[in-house]
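Residues per chain, in single letters:
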Amino acid sequence: MIYHLSLHTAGIIAGAFLVVVGVLGLVKPDFAQLAKQFPRSRVAGVVLLTICLAWTMWLLATIQMGEFAGFRRPLLIALPIGYLLAVFFVDEFLAVRALGILCLLVAEPLLDAAFLRYETSRLLVTVFAYLLIIAGLFWVAIPYVLRDQINWGARSVFRWRCLHGVVLVYGCVILRFAFTQY
């Protein structure tokens, strides 16, 4: 285990995140306009990519790599170089790509927390983690998909609120199980 995160803690973090996103979308539907600006935001891209770089460097420095331990030093050198190249030369959808990488990084601790747990409700956290993985893979490889998803969701206030209502309910269900069963 890399993170030592209990399912209880992972459920609280995932549920609280979903509840916050759901409430923001329900209470402030004008956040749709802000969300439409996100895919091309250079500042958001650099901030998210910096978080991803720090997390990845920490992982590389601390995990046991077994037979791949010889690659640790070259990767620790290559990662900052790749970061700088991405910041300077990837202008299109840098924020979306960085968000996709962050989704992939976030999914692992959630799956790790649910590993070898027998409660059926653990699947709520697991499904959320796999949704993050699928979204992250699409957003890294095909970043304009997030722009299209945001535009589709923000086409009407009703649709925006319905989507965030589903997110809010899912977050509340995860929180309920995190406090009662995990």
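Structure first, text after, so check above.
Remember, it's a predicted structure, so these values are computed and weren't measured experimentally.

Participant: Would you explain the side chain of T126 in this entry?
Facilitator: Inspection of the secondary structure assignment puts T126 in helix α6 (residues 122–141). T126 has contacts with L111 and A114, leaving out every residue within four places of it along the chain.

Participant: Where do I start with a nonpolar patch on the surface in this structure?
Facilitator: Together, I77, I81, L84, L85, F88 and F89 give the surface a local cluster of nonpolar side chains, amounting to about 660 Å² of exposed area. Mapped onto the secondary structure, I77 falls in helix α4 (residues 72–89).

Participant: Got a minute to help me understand unusual backbone geometry in this structure?
Facilitator: Note: most peptide bonds trans; most residues except glycine with negative phi. Unlike most non-glycine residues, F93 shows phi in positive territory, near 55 degrees. When you line up the elements, F93 lands in the loop between α4 and α5 (94–114). Residue F93 is classed as buried on the basis of its relative accessible area of 8%. For L116, which is not glycine, the phi dihedral falls at a positive 60 degrees. Mapped onto the elements, L116 comes out in the loop between α5 and α6. L116 gets classed as exposed once you look at its relative accessible area, which sits at 60%.

Participant: Is there a simple way to think about helix α3 (residues 42–62) in this case?
Facilitator: Since the α-helix advances by 3.6 residues per turn, residues separated by three or four positions end up pointing in the same direction. Between the first and last C-alpha of α3 there are 30 Å, a value that for 21 residues agrees with the 30 Å anticipated at 1.5 Å per step. Those residues of α3 that sit buried are A44, G45, L48, L49, C52, L53, L59 and L60. In a view along the axis of α3, the buried residues occupy a sector of 165 degrees, so they form one face of it. The secondary structure elements touched by the buried residues of α3 are α4 and α5. The N-capping residue of α3, defined by a side-chain oxygen 3.2 Å from the backbone nitrogen of A44, is S41.

Quick notes on the rules
Residues numbered from 1 in each chain as written. Predicted model: local features only at pLDDT ≥ 70, side-chain atom pairs only at ≥ 80, totals over all residues. Heavy atoms only, no water. Helix = DSSP H or I, 4+ residues; strand = E, 2+ residues; numbered from the N terminus. Contact = heavy atoms within 4.5 Å. Patch = residues over 30% accessible without salt bridge, like charges linked within 9 Å, V, L, I, M, F, W, Y side chains within 5 Å. Areas by Shrake-Rupley, 256 points an atom, 1.4 Å probe, with all protein chains shown as cover. Salt bridge = Lys/Arg side-chain N within 4 Å of Asp/Glu carboxyl O. Buried < 20%, exposed > 50% of the residue type's maximum accessible area, 1.4 Å probe, protein only. Expected span 1.5 Å × (residues − 1). Arc of directions from axis to C-beta. Polar contact = N/O pair within 3.5 Å; in protein donor to acceptor, adjacent residues only side chain to side chain.

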